[in-house]
Amino acid sequence: MVKRMTMVLSSVLMLVGLVILTWGFRDLPLDERPEWMSWQMVLWPVIVLGMAEATRFAGYIRQGIKLRADRFRLVVHGIPALLVAVVPAGTFTDWVGPSSMWALLDFPTAKVMAALWLAFTLWAAWEVEAR
C-alpha cells in the first residue's frame, strides 16, 4: 500500500513540478505546432530510452529472468504524462481557465518534460519477477 501511495504522490508531484518549472515561461506565447510534432516529441524519447533499456532487458532474459510490467505505474504516471504531452496547446487553459496554475501545462516546457516523463515511465515500469 505504501508503494502505491508513493507512486500516486510522485505522479501528482510530477504534475506540480511541470507547473512550477513552466511558471517562468508563462508570458511566452503558446506553441503552435502541428499535431505530428506532438507525437514526434513523445516517440523520440521513448525510442531512445528504449534502445538503452533493451540491452538491460535482453541481459535479464538471457539469464532466464522474467520481467513484468508494473501496470499501476503505467496508468498512474503514463496517462497523465501522455495527456500533458499530446493534447493541443490551449486545452488545459480551456478546461481550467487562464488564471489556474494548471493552465501552465499548455506551455512547451511542460510538454517536453511530460514527453520525457512518459518515456521514463514506459521503460522504468518493467520489473524483475520474483520466483
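Residues numbered from 1 in each chain as written. Predicted model: local features only at pLDDT ≥ 70, side-chain atom pairs only at ≥ 80, totals over all residues. Heavy atoms only, no water.

## What to know about the environment of Val19
Mapping Val19 onto the fold places it in helix H1 (residues 2-23). According to the relative accessible area criterion, Val19 is buried, its value standing at 1%. It is 6.5 Å that separates the C-alpha atoms of Val19 and Trp102, two residues lying 83 residues apart in sequence. Residues within four places of Val19 in sequence aside, it is in contact with Met101, Trp102, Leu104 and Leu105. (Helix = DSSP H or I, 4+ residues; strand = E, 2+ residues; numbered from the N terminus. Buried < 20%, exposed > 50% of the residue type's maximum accessible area, 1.4 Å probe, protein only. Contact = heavy atoms within 4.5 Å.)

## Topic: helix H5 (residues 108-124)
Given a rise of 1.5 Å per residue, 17 residues ought to cover 24 Å, and the 24 Å separating the end C-alpha atoms of H5 matches this to within 8%. Taken as a whole, H5 has its buried residues at Ala110, Lys111, Ala114, Ala115, Trp117, Leu118, Ala119 and Thr121. (Expected span 1.5 Å × (residues − 1).)

## Description of the nonpolar core
Core analysis: the largest hydrophobic core is formed by 20 residues, its most contacted members being Leu15, Val42, Val84, Ala85, Phe92, Leu105 and Ala115. When residues of this core are traced back to their parent elements, those giving at least two are H1, helix H2 (35-62), helix H3 (71-86) and H5. Every residue in contact with Ala115, bar those within four places of it in the chain, is listed here: Met41, Val42, Pro45 and Ala85. (Core = buried A, V, L, I, M, F, W, Y, C linked by side-chain atoms within 4.5 Å.)

## Focus on the environment of Thr93
Inspection of the secondary structure puts Thr93 in helix H4 (residues 91-96). Spatially, the C-alpha atom of Thr93 lies 7.1 Å from that of Asp106, the residues being 13 residues apart in sequence. In this structure, Thr93 is in contact with Pro98, Ala103 and Asp106, ignoring residues within four places of it in sequence.

## As for the packing of aromatic side chains
Under the counting rule described, the total for this entry stands at three aromatic pairs. Between Phe57 and Trp123, the ring centres sit 6.0 Å apart and the planes meet at 35 degrees, which makes this aromatic pair tilted. With Phe57 in helix H2 and Trp123 in helix H5, the pair connects residues that are 66 residues apart, well separated along the chain. Across the ring face of Phe72, the terminal group of Arg4 is positioned such that the distance to the ring centre comes to 4.5 Å. (Phe/Tyr/Trp six-rings, centres within 6.5 Å; stacked < 30°, edge-to-face > 60°. Lys NZ or Arg CZ within 6 Å of the ring centre and 35° of its normal.)

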